[in-house]
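Residue-level structural notes
Listed below, chain by chain, are the residues.
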Amino acid sequence: MSNEKYTEDHEWLRENEDGTVSIGITDYAQEQLGDIVYVELPNTGASFDANSEMAVVESVKAAGDVKVPVSCEVIEVNSRLVDEPELVNSDPLGEGWFIKISVSNMSDLDELMDNSQYSEYVGNL
Amino acid sequence: MNNTKSQILLKTPLHSLHLELGARLVPFAGYEMPVQYSAGIRKEHEHTRKSASLFDISHMGQIKLYGNDIESVLEQLVPGEIKDLQEYRQRYTVFTNESGGILDDLMVTKLPDCFFLVVNAACKQADFDYLREKFSSKYDINWINAALIAVQGPLAPQVMAKLQPELAQMPFLSAIQTSIEGISCLIHRCGYTGEDGYEISVSNEEAQTLTKILLRDESLEPAGLGARDSLRLEAGLCLYGHDLDHTTTPVEADLNWIIARKYRLKPQIEASFPGAKTIMSQLDSGPNRIRRGFLPESRIPVREETLIINSEGRKIGIITSGGYGQSIGKPVCMGYIDTKYDDSDDYNVEIRNQKISLTKVALPFVNHRYYK
C-alpha cells in the first residue's frame, strides 16, 4: 500500500525510512501540464514556510508552481531532473520526485489527503 | 481545467472523432479544439518532422469572393500583388490598416470562377465584414462552410499520392480541385509547419469519412494545436495576435518579401493599399523595430511578453512567441527589438530573477522543407 499524502494543488508527499519526506507532483498534475521541458529546483538547505513556492515546472504549454504544504528544510534535490525533466511525466511518483525535506512538524502531514481522498478529489474535478 | 466546457464553444465537424482519438480539447478562438492527443505535444511535433501528421484546422475561415475583376479590388487591400496570380496558384498576404498595421494574415488562391481566402479563426468575422465594406454589392462574398484538414510532414506526399496520384507533383502554393475515394476536395499544397504538406477543404458532411480514410495510413498520426504552434515557431512563421497585430507593419515583421515587387522596385508605381505610405517609407528608411529569432542560453523556456533587455537593463524589445523547439532540443523564441540595437549582440531576459542571455539567430530555426 502506498503511504503518500496529497495536496489540493496536486503535490504528493511520502515519508522515507530515514525520516525525510519526498515531494513531487501527481500523475494528474503531469498529465495536465503536458510534456515537461524544464524543472527549477530549490537549493539544498533552503527552508520554506507552509504553502510557499519551492519549484517551477515548465511544460511545452505553460509554467506551473510547485508548493510545499508544510514548513520544512530541503535536504536533497533530484538533480536528474535538470537534464531529464521528462522523468516527471514518465514516473511522477518515482524517479520524477522533486526534493526531500525535513518537515518541522510531522503532524502537519495529517491534514493532507490520503490516496483514496485524493482519488475522489481528482474524480470531481 | 480541460473539463470546463462552455456551451458557447463551437465544434468542428471532426469533434467527435477527436474525442475517439483521445484528444485533449481546449477553447481556442471560440472553438473547442484539440491541443494534443494521447501521444503528447513533443511526440506529435517529432512525428510531423519525421513522418506526417493530420491537423484539424476547420476553425479557420474560408471565404470565396465572386465578381468581375476581383483581383483589382483585392489588390487595393493588400501590400502584395494579386493581379499577377495565376489560376490555381496561392499566395500569402496580409490585410493592412491605414497606419500600415496588419489586420490579419491570410492565404489567397485564384480559382477559375472566384478567389479563395483562408483567414485566421479569431479574425474571420472582422475580415468578412471588412471585405463586405470594401467590395461593392455587385460582388458576392460567401463563407465556405467546410472543414479544413492539414496533412503535414515529409511523408505527406506519399500519404496523399496513394489516394490521389496527381497530388504528388503539384507545385508548392498551388491548388487542385479533385476527389479522394469519391469525396470532392479542394486541396492546396501549403502549410504552417515548415514541412511539405497539404490543406484539404472538404464538406462538413464528408470531413470525418475523409479523415478516417487518411488516418488508415500508418505513417499519419493526428496532431493538435500545441504541436502546430511549436512547429510553426521553429519554422519562424508568425502567429497572428502574437507576432503580428494591428500595430505591426509587414516591414517590422520582417515580411518585406510579401510587398509586391512592382512597389519595391519601381518607385514610379505608387502603392495605394491601406497604410502604403507608412510601409513604403519604412521599407525605404528602415523600421523602428524588427522581428528577430533568438536562442536562450538556458533550458528555461522564454515565453511571450517577456521583455528583452540589454546589459544596462534598458528595455530594448519584447518576446512575442516562445516555447520549446523540440526538433533542435532547446527553447526558441522570437520577438521585436528596437532596430537601434539590431547590430548588438547584447540581448537578455530576466525570468524569476535569473538573467538569461539570448543569441540572435537567423530565422527559421529549422529549415523549411517545402516541395520544390
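The rules behind the values
- Residues numbered from 1 in each chain as written.
- Chains lettered and ligands numbered in written order.
- Predicted model: local features only at pLDDT ≥ 70, side-chain atom pairs only at ≥ 80, totals over all residues.
- Helix = DSSP H or I, 4+ residues; strand = E, 2+ residues; numbered from the N terminus.
- Rg over C-alpha atoms; globule rule 2.2 N^0.38 Å.
- Buried ≥ 20, exposed ≤ 12 C-beta atoms within 10 Å, placed from the backbone.
- Contact = placed C-beta atoms within 7 Å.
- Axes fitted to C-alpha atoms, helices over the stretch in contact; angles between N-to-C directions.
- Parallel < 35°, antiparallel > 145°, perpendicular 65-115°, else oblique.
- Left-handed = near helix turned anticlockwise from the far one by under 90°.
- Nonpolar A, V, L, I, M, F, W, Y, C, P; charged D, E, K, R; others polar.
- Domains from an automatic or database assignment.
- Pairing = 2+ DSSP bridges.

1. Comments concerning the overall build of chain B
If you tally the helices and strands in chain B, you get 9 helices and 19 strands. Computed over C-alpha atoms, the radius of gyration of chain B comes to 21 Å, within 12% of the 21 Å expected from 2.2 N^0.38 for 372 residues, which places it in the range of a compact globule. Overall, chain B is about 65 × 50 × 45 Å in size when its C-alpha atoms are taken along their principal axes. Counting the 372 residues in chain B, one finds 47% classified as buried. For chain B, long-range pairs separated by at least 24 residues make up 67% of all intrachain contacts whose partners lie at least 6 apart in sequence.

2. Side note on the packing of helix H2 (residues 41-50) of chain B against helix H7 (residues 225-234) of chain B
Residues and elements named next belong to chain B. Following both chains from N to C, one finds H2 and H7 inclined at 55°, their axes separated by 8 Å at the closest point. It follows that H2 is oblique to H7 by the angle criterion. With respect to the hand of their crossing, H2 and H7 are arranged in right-handed fashion. Along its contact with H2, which presents Ile41, Glu44, His45 and Thr48, the element H7 presents Gly226, Ala227, Ser230 and Leu231. In terms of residue class, the contact of H2 with H7 is made up of 3 nonpolar, 4 polar and 1 charged.

3. A closer look at unusual backbone geometry
Residue and element names in this part refer to chain B. Residues leucine 363 and proline 364 are joined by a peptide bond in cis, for which omega reads 0°. By secondary structure assignment, the location of proline 364 is in the segment after strand E19 (354-361). Of note in the backbone geometry, alanine 29 takes a positive phi value of approximately 50° without being a glycine. Along the chain, alanine 29 turns up in the loop between strand E1 (24-28) and strand E2 (31-36). For glutamate 305, which is not a glycine, the phi torsion comes out positive at approximately 80°. Counting through the fold element by element, glutamate 305 comes out in the loop between strand E14 (289-296) and strand E15 (307-309). For glutamate 305, a count of 10 C-beta atoms within 10 Å corresponds to the exposed category.

4. A short note on the domain arrangement of chain B
All names here are of chain B. Once the domains are mapped, chain B shows domain 1 (1-287) and domain 2 (288-364). Contacts between domain 1 and domain 2 engage 19 residues on the former and 20 residues on the latter. For the side of domain 1 that touches domain 2, the secondary structure elements donating two or more residues are H2 and H7. Residues that form the side of domain 1 that touches domain 2 fall into these classes: 5 nonpolar, 6 polar and 8 charged.

5. Digging into the sheet that holds strand E5 (residues 90-96) of chain B
Residue and element names in this part refer to chain B. Across the sheet, 5 strands lie side by side as E5-E6-E7-E4-E8; this open sheet has antiparallel pairing. Only two strands of the sheet have a single neighbouring strand rather than two, namely E5 and strand E8 (140-143). Neighbour to neighbour, the strand axes of the sheet diverge by 30° on average, direction disregarded. The pairing of strand E6 (residues 102-110) with strand E7 (residues 115-119) spans 5 bridges and is classified as antiparallel. In the strand pairing of E7, valine 108 is matched with leucine 117. In the packing of helix H4 (residues 124-134) onto the sheet, the strands contacted are strand E4 (61-66), E5, E6, E7 and E8, and the crossing angle to E8 comes to about 165°.

6. Things to note about the pairing of strand E17 (residues 330-338) of chain B
Residue and element names in this part refer to chain B. Of all 9 residues that make up E17, 7 are buried, and the element is covered over most of its length. Both E14 and E17 contribute to a ladder of 6 bridges, which runs antiparallel. Looking across to E17, one finds that arginine 291 is bridged to tyrosine 336. Hairpin connection from strand E16 (residues 315-325) to E17: 4 residues lie between these consecutive antiparallel strands, with glycine 329 at a positive phi of about 70°.

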